[in-house]
Amino acid sequence: MGSASSSYRVIYLDVDGRIQKVVFSRFCSPCDIKELLCTALSVPRNTNLSLLDSSGAMVSIDPTMPHNTERSPYRVVPMTGGQLADKEELFQNVLTQVAEQFSRAFKINELKTEVTNRLAMLEKRVELEGMKVVEIEKCRNDIKKLREEMASRNNSNFLEDNKKLTPRRDVPSYPKMLSCLEHMYHDLGLVKDFNINPITLKRWLLCIHDNYRNNPFHNFRHCFCVTQMMYSMICLCSLKEKFTQVDILILMTAAVCHDLDHPGFNNTYQINARTELAVRYNDISPLENHHCAVAFQIFSQPDCNIFSNFDPEAFKQIRQGTITLILATDMARHGEILDSFKQKVDNFDYTDEEHVTCLKMVLIKCCDISNEVRPMEVAEPWVDCLLEEYFMQSDREKAEGLPVAPFMDREKVTKPTAQIGFIKFVLIPMFETVMKLFPQIEEAMVQPLRESRDRYEELKQIDDAMNEVQKKKSENLTMGGKKK
């Protein structure tokens, strides 16, 4: 269990020749840190600031900013209107230069069109975000990543044979994921119907992105996949005709927030290792409770509160609904939730609040573990990512003398053995139960699960046959050695 001090960061500022110490939580948003800096400078909280290190280089104002010491304090410079205009002009010049370089370097029309569209998207984002310094830095990083990506494509024919490519997933890269999530909220009518400020929606999604850790599996890409699957089910099952818009908002928002700040080690580890989260939540769904807490810490920031136009009673309903769904993603409750839904599905009543809540819980559970619904070439790399995270946990459990689950032990589990039981006894029964209510998901979702089960069973048979051959070879070698 980490110490409490590890949750805090310390930086030193040079304020008019005197050293000012600033302490903040690593869970703080950039807006919170900026307000602390404004307080240290005794300037209005909405003042735009620039943070410079001892060499004069600009430092991004966020929880990951580098440590410094009293001997090398940061300088905080309030930004005037003229300086911001200069920043805008400089950034536009950078965009122009990048576009010209792309035009000279790449002659393929398709790539040229893609670059133009993506740069236009970045320019629009900067304009809508009011040209904040932090967001300018984000856009510059995006452009750098874009140039590297295009360069790697141009040189793809010259890759060395032993170089591994990143596993393919049907997930766009950042910032396309953010744009897609934003589109979903607009397309479902949530922005219009609830008068959500589009700029606040952008800031909220950026903050959500920043609060997902870089785990092999439980990361922002997983968040995007789960939300995209929820959006697909809402459309495929015509849920807007059956649910209220508040229900749709709860479904989408819970999907976005459901794994916030996931540490990469599951509830079993948290409880067995007696971590801070397990102690805080009394061993009851510690991770899911933490995801909820982080979600509403983000909503508590005015710049990220997409519910700011809701009255207290409506916000209470949204909060309770979102918490209920996120807590339902704890797999320890799988049997309880599915059994409850099975009792209701044959006589389902959309006017019964208990029925609707149970259905929403099952829907987010389906989306959370829906990778095998996707095509094989998309789903299989996610299995590799999940196993990598499992093996990291089991290695740590062994090192700490904690119990190790067989399905997480790198010495015992294979990809087929990991997936067959999960697909047969968890995924297919749950999706087939939902299919009773929405027959239209059979072709798009249930049939791919059956095909995935069959494929992994074939792989297991091949693995078993190869193991048997290897076993006989070993036995023959042993017998031969004894005869000599």
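What counts and what doesn't
- Residues numbered from 1 in each chain as written.
- Predicted model: local features only at pLDDT ≥ 70, side-chain atom pairs only at ≥ 80, totals over all residues.
- Heavy atoms only, no water.
- Helix = DSSP H or I, 4+ residues; strand = E, 2+ residues; numbered from the N terminus.
- Buried < 20%, exposed > 50% of the residue type's maximum accessible area, 1.4 Å probe, protein only.
- Contact = heavy atoms within 4.5 Å.
- Areas by Shrake-Rupley, 256 points an atom, 1.4 Å probe, with all protein chains shown as cover.
- Salt bridge = Lys/Arg side-chain N within 4 Å of Asp/Glu carboxyl O.
- Axes fitted to C-alpha atoms, helices over the stretch in contact; angles between N-to-C directions.
- Parallel < 35°, antiparallel > 145°, perpendicular 65-115°, else oblique.
- Left-handed = near helix turned anticlockwise from the far one by under 90°.
- Expected span 1.5 Å × (residues − 1).
- Pairing = 2+ DSSP bridges.
- pLDDT = per-residue confidence, 0-100.
- Phe/Tyr/Trp six-rings, centres within 6.5 Å; stacked < 30°, edge-to-face > 60°.
- Core = buried A, V, L, I, M, F, W, Y, C linked by side-chain atoms within 4.5 Å.
- Disulfide = S-S within 2.5 Å.

1. Focus on the overall build of the chain
Within the chain one finds 18 helices and five strands. In the chain, which comprises 484 residues, the share counted as buried stands at 46%. Pairs at least 24 residues apart make up 69% of the contacts formed inside the chain by residues separated by at least 6 positions. Carbon and sulfur atoms make up 51% of the accessible area of the chain, which totals about 25,200 Å².

2. Description of the pattern of salt bridges
Following the criterion strictly, the structure yields 18 salt bridges and no others. The salt bridge involving Glu-380 is made with Arg-455; its shortest N-O contact spans 3.6 Å. Of this pair, Glu-380 sits in helix H16 (residues 376–400) while Arg-455 is found in helix H18 (residues 441–483), placing the two residues 75 residues apart along the sequence. Using a relative accessible area of 23% as the deciding quantity, one classes Glu-380 as partly exposed. Residue Glu-432 pairs with Arg-450 through a salt bridge whose shortest N-O separation is 3.0 Å. Residue Glu-432 is located in helix H17 (residues 415–437), and its partner Arg-450 is located in helix H18; the two are separated by 18 residues in the primary sequence. Classification of Arg-450 by relative accessible area gives buried; the value is 17%. The network of salt bridges with common partners includes Glu-380, Asp-384, Lys-415 and Arg-455.

3. What to know about the packing of helix H8 (residues 220–236) against helix H9 (residues 245–257)
Direction vectors running N to C along H8 and H9 enclose 160°, while the axes themselves pass 8 Å from each other. Here H8 lies roughly antiparallel to H9, going by the angle between them. Along this stretch, H8 crosses H9, giving a crossing that reads as right-handed. Contacts from Cys-223, Val-226, Thr-227, Met-230, Tyr-231 and Ile-234 of H8 reach H9 at Ile-248, Leu-251, Met-252, Ala-255 and Val-256.

4. Observations concerning helix H5 (residues 176–187)
Between its terminal C-alpha atoms H5 stretches 16 Å, which fits the 16 Å expected from twelve residues at 1.5 Å a residue. Of the surrounding secondary structure, the elements contacted by the buried residues of H5 are helix H6 (190–193), helix H7 (198–210), H8 and H9. Positive phi appears at Gly-189, one or two residues downstream of H5, with a value of about 80°.

5. A closer look at the pairing of strand S5 (residues 74–78)
Sheet topology note: the strand S1 (residues 8–15)/S5 ladder contains two bridges and is parallel. Residue pairing for S5: Asp-14 is matched across the bridge by Arg-75.

6. Thoughts on the side chain of His-222
Tracing the sequence through the fold places His-222 in helix H8. Residue classification places His-222 among the buried positions, given a relative accessible area of 2%. Not counting residues up to four positions away in its chain, the partners in contact with His-222 are Phe-217, His-258, Asp-259, Asp-368 and Trp-382.

7. Section: the confidence of the model for the chain
Looking at the chain as a whole, its pLDDT mean stands at 84, while 79% of the residues score no less than 70. Long-range and interchain partners of residues 1–5, a stretch whose pLDDT sits below 50, account for four contacts in this model, where long-range means more than four residues apart. Note that pLDDT drops below 50 for residues 130–136; the model gives that stretch 18 contacts with residues more than four away or on any other chain.

8. Some remarks on the packing of aromatic side chains
The full count for this structure, using the stated rule, is 15 aromatic pairs. Ring centres 6.2 Å apart and planes at 80° place the aromatic pair Phe-296 and Phe-315 in the edge-to-face group. Taken together, the residues span a long stretch of sequence, with Phe-296 in helix H12 (residues 286–299) and Phe-315 in helix H13 (residues 312–327) at a distance of 19 residues. Considering the side-chain rings of Tyr-390 and Phe-407, the 5.4 Å spacing of their centres and the 75° angle between planes classify their relative orientation as edge-to-face.

9. A look at the sheet that holds S5
Strand order in the open sheet made by the five strands is S2-S1-S5-S3-S4, with mixed pairing throughout. On the outer flanks of this sheet lie strand S2 (18–25) and strand S4 (58–59), each paired with one strand and no other. Here strand S3 (residues 49–52) pairs with S5 via four bridges, running antiparallel. Its bridge partner lying in S5, Leu-51 is registered against Val-76. Its contacts with the sheet put helix H1 (residues 30–41) on S1, S2, S3 and S5, and the angle it makes with S2 is roughly 155°.

10. Thoughts on the nonpolar core
Membership of the largest hydrophobic core comes to 92 residues, with the highest contact counts inside it found for Tyr-185 and Trp-204. Here this core takes eleven residues from H17, the largest share from any one element. By size, the runner-up hydrophobic cluster in this structure holds 18 residues, among which are Leu-13, Phe-24, Ala-40 and Leu-51.

11. Observations regarding unusual backbone geometry
Positive phi values are uncommon outside glycine, yet Ser-238 reaches one of about 50°. Within the secondary structure, Ser-238 sits in the loop between H8 and H9. For Asp-261, which is not a glycine, the phi torsion comes out positive at approximately 55°.

12. Focus: the state of the cysteines
Disulfides are covalent bonds that connect the sulfur atoms of two cysteines. In the structure shown here, the tally under the stated rule is zero disulfides. Of all cysteine sulfurs, the one in Cys-304 lies closest to Cys-31, which takes part in no disulfide; the gap is 5.9 Å. Look at Cys-31 and you get partly exposed, because its relative accessible area is 21%. Its sulfur unpaired, Cys-223 is 7.6 Å from the next cysteine sulfur, which belongs to Cys-257.

13. Thoughts on the environment of Arg-71
With respect to the secondary-structure elements, Arg-71 resides in the loop between S4 and S5. Spatially, the C-alpha atom of Arg-71 lies 8.7 Å from that of Tyr-12, the residues being 59 residues apart in sequence.

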